[in-house]
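# Fold and geometry: a report
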Amino acid sequence: MTAAENVFAESIDWPDSDPARTEARRFTDHPGWGRLVDLAGWAAAVQEQTPAQRFQRPKLVIFAGDHGVADADISAHDASFTGVQLAALRDGSSAICRLAELARVPLRVVDVSSGSGAPDPSRPGWIRAGSGRIDREDALDAEEAQRALEVGAAIADAEIDAGADVLLLGDLGRGSTAVAAVIVSVLAGAEPLKCIGRGSGIDDDTWMRKMNVVRDARLRAWPERHEPADLVRVAGGADFAAMTGFVYRAAARRTPVILDGMVSAAVGMLVQRADPVAVQWFCAAQRSSEAGHQLALSRLGLAPVLEMGLGTGQGAGSLLAFELLQAALSIQPEPALPDV
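Scoring rules and cut-offs
Residues numbered from 1 in each chain as written. Predicted model: local features only at pLDDT ≥ 70, side-chain atom pairs only at ≥ 80, totals over all residues. Heavy atoms only, no water. Helix = DSSP H or I, 4+ residues; strand = E, 2+ residues; numbered from the N terminus. Buried < 20%, exposed > 50% of the residue type's maximum accessible area, 1.4 Å probe, protein only. Areas by Shrake-Rupley, 256 points an atom, 1.4 Å probe, with all protein chains shown as cover. Expected span 1.5 Å × (residues − 1). Phe/Tyr/Trp six-rings, centres within 6.5 Å; stacked < 30°, edge-to-face > 60°. pLDDT = per-residue confidence, 0-100. Pairing = 2+ DSSP bridges. Axes fitted to C-alpha atoms, helices over the stretch in contact; angles between N-to-C directions. Contact = heavy atoms within 4.5 Å.

Next up on the list: the overall build of the protein chain. Scanning the protein chain from terminus to terminus reveals 13 helices and 5 strands. Scored against the burial criterion, the 340 residues of the protein chain give a buried share of 57%. As displayed, the protein chain has an accessible area near 13,700 Å², and 50% of this comes from carbon and sulfur atoms.

Here is the structure:
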């Protein structure tokens, strides 16, 4: 059985009609509430109840992994970046930890393929030290891709079984926006130029190197565009594969997912290619500064909750959007306006 057959075997469903969403609009359809009405309607639909209730057991899961394309000098961060950020997340000193505490969202960090430090294959979720340089070689071999997909699915199962009623997605790693640009370019059938941004804040020369890497990786990945498991093996990486398995399993288990930035959107497109119904379970937290992010959101048919130019990753946008989602649910039901 292939990785796709293992992880994508469970079908994803969605009600043919959304009476809960319609009823939610009746409760909060007030011109002053703007997009909060849409958020309340989405929550009502995924919960299949009106009025929708505030989510009680959110969980942020951050997948960490480095990418070989960073060795092409396309990142503003040095090789120690991911390790330093992982340490800050684990000791609570990261700004993400403070945002998570503010939003009352517990977080879990899963290091599947960081490239710094001394890798420990015995730790949960570990696949390999960094993914392959996708402009020259495959990101993963077949066995690694399968394990990564299954790791992500197993984490979704564990969190849902523990009571999570909404999952927030975060990512961390060098080279990840270049990898996301390749995936978006392939799945959207778009030129690489339309998908490449400044990532971690690169200069013009670095941007040109990034353009060349994405172009070459796209050429290698194009034949795999119809099969998401093959595409993530060739042009993704262990973190992308794990996130794909995580998001797919969450949707299959009728658990909503808040996507963060460009990387999350690329993962969403991989899951969409596996089963288009899955998109109904997604909420787009933000539109980042990455060029391909709006293209990805358009393909997913999602409107971002926030537009603040965030590019930090690690679920920052997901946490901020979650607070707005909870606010939207707090205003239900809205008293009816008197007739005049």
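This is not the end of the story, as more comes after the structure.
Taking 1.5 Å of rise per residue, the 13 residues of helix α3 (residues 35–47) would be expected to cover 18 Å, and the 18 Å separating its terminal C-alpha atoms lies within 8% of that figure. Of all 13 residues in α3, 10 are buried; the element is thus mostly enclosed. Every buried residue of α3 is listed here: Leu 36, Val 37, Leu 39, Ala 40, Gly 41, Trp 42, Ala 43, Ala 44, Ala 45 and Val 46. Positive phi shows up at Glu 48, right after α3, with a value of about 55°.

A word on the packing of aromatic side chains. For the structure on display, the rule yields 3 aromatic pairs. An angle of 85° between the planes, with centres 4.8 Å apart, marks the rings of Trp 14 and Trp 281 as edge-to-face. Of this pair, Trp 14 sits in the loop between α1 (3–7) and α2 (19–28) while Trp 281 sits in the loop between α11 (262–274) and β5 (282–284), placing them 267 residues apart in sequence. A relative accessible area of 12% places Trp 14 in the buried class. Take Trp 281: its relative accessible area is 0%, and that puts it in the buried class.

With that settled, the discussion passes to the confidence of the model for the protein chain. Overall, the prediction assigns the protein chain a mean pLDDT of 89, with 88% of residues at 70 or greater. By mean pLDDT, the top-scoring element of the protein chain is strand β4 (residues 257–259) (98), and the lowest-scoring one is α2 (60).

Before going further, it helps to examine the sheet that holds strand β2 (residues 107–113). What the 5 strands build is an open sheet, ordered β2-β1-β3-β4-β5; its pairing is parallel. Only two strands of the sheet have a single partner each, and these edge strands are β2 and β5. The mean inter-strand angle of the sheet, taken between neighbouring strand axes irrespective of direction, is 25°. With 7 bridges joining them, strand β1 (residues 58–65) and strand β3 (residues 166–172) adopt parallel strand pairing. Along β3, the bridge assignment pairs Pro 58 with Val 166. On top of the sheet, helix α13 (residues 316–330) reaches β1, β3 and β4; it is set at about 160° to β3, its chief contact.

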